[in-house]
Amino acid sequence: MLPELPAERLHKHLKMLLCDVARFGDRFPEKELSEPPHRYDVVWREHQGPLLSHVFEVQDKGNIGAALAKLQHARDYWQNFVFIVITDERDRRKLDQYACPRPTGTYHRLDGHLVVFSSDQVRESCTSSLTATGTGWVVS
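Residues numbered from 1 in each chain as written. Predicted model: local features only at pLDDT ≥ 70, side-chain atom pairs only at ≥ 80, totals over all residues. Heavy atoms only, no water.

1. Comments concerning the packing of aromatic side chains
Geometrically, a pair of aromatic rings is defined through the distance of the ring centres and the angle of the planes.
Move 1: As enumerated under the stated definition, the model contains 6 aromatic pairs in all.
Move 2: With centroids separated by 5.9 Å and ring planes inclined at 75°, the aromatic side chains of Y40 and W78 adopt a geometry described as edge-to-face. Within this pair, whereas Y40 is found in strand β2 (residues 38-45), its partner W78 is found in helix α2 (residues 64-78), the two being separated by 38 residues in sequence. One exposure class covers both Y40 and W78, and it is buried.
Move 3: Relative to Y107, the ring of Y98 lies with its centre 5.5 Å away and its plane at 80°, an arrangement referred to as edge-to-face.
Move 4: Among the aromatic residues, those joined into a cluster by ring pairs are W44, F56, F83 and F117. (Phe/Tyr/Trp six-rings, centres within 6.5 Å; stacked < 30°, edge-to-face > 60°. Helix = DSSP H or I, 4+ residues; strand = E, 2+ residues; numbered from the N terminus. Buried < 20%, exposed > 50% of the residue type's maximum accessible area, 1.4 Å probe, protein only.)

Dropping the structure here:
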């Protein structure tokens, strides 16, 4: 279980952990990538260059619909893996309205591509020093 942190600190902490996990797997992470019209919380690249392999949105009392729209745009544009990290039960319930048992409606193109993690799963993956291969972080 993550320690109780103010929302801004929790959001920053999770982004840092996602970058650490990327480095374990020899990926190239970047926080707060601005690709108009969106800003992505964390992205990973397989190689140094413009193509993104993974895009993450960390949701801590944010707008779930806006996060899904960003992820759908990333998936449409880069054909990458998309992830949303949910920090509390309230946001989990909101996400379930859009994507449970699978994304439908506006977000139907995320079906089969969206991976949902809890903040505890991100923390456990990082603190276990798991390599990217076989952890669920890298889908091949």
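2. A word on the confidence of the model for the protein chain
Move 1: Across the protein chain, the average pLDDT comes to 84, with 85% of residues at 70 or higher.
Move 2: Counting interchain partners and residues more than four positions distant, the pLDDT-below-50 stretch residues 129-140 has 23 contacts. (pLDDT = per-residue confidence, 0-100. Contact = heavy atoms within 4.5 Å.)

3. What to know about unusual backbone geometry
Move 1: Put simply, P36 and P37 share a cis peptide bond, and its omega is 15°.
Move 2: Within the fold, P37 resides in the loop between β1 (28-35) and β2.
Move 3: Phi is positive for D26, close to 60°, though the residue is something other than glycine.
Move 4: With respect to the helices and strands, D26 occurs in the loop between α1 (7-24) and β1.
Move 5: Non-glycine residue E32 carries a positive phi angle of around 55°.
Move 6: Turning to its location among the elements, E32 is positioned in strand β1.
Move 7: Judged by relative accessible area, which is 30%, E32 ranks as partly exposed.

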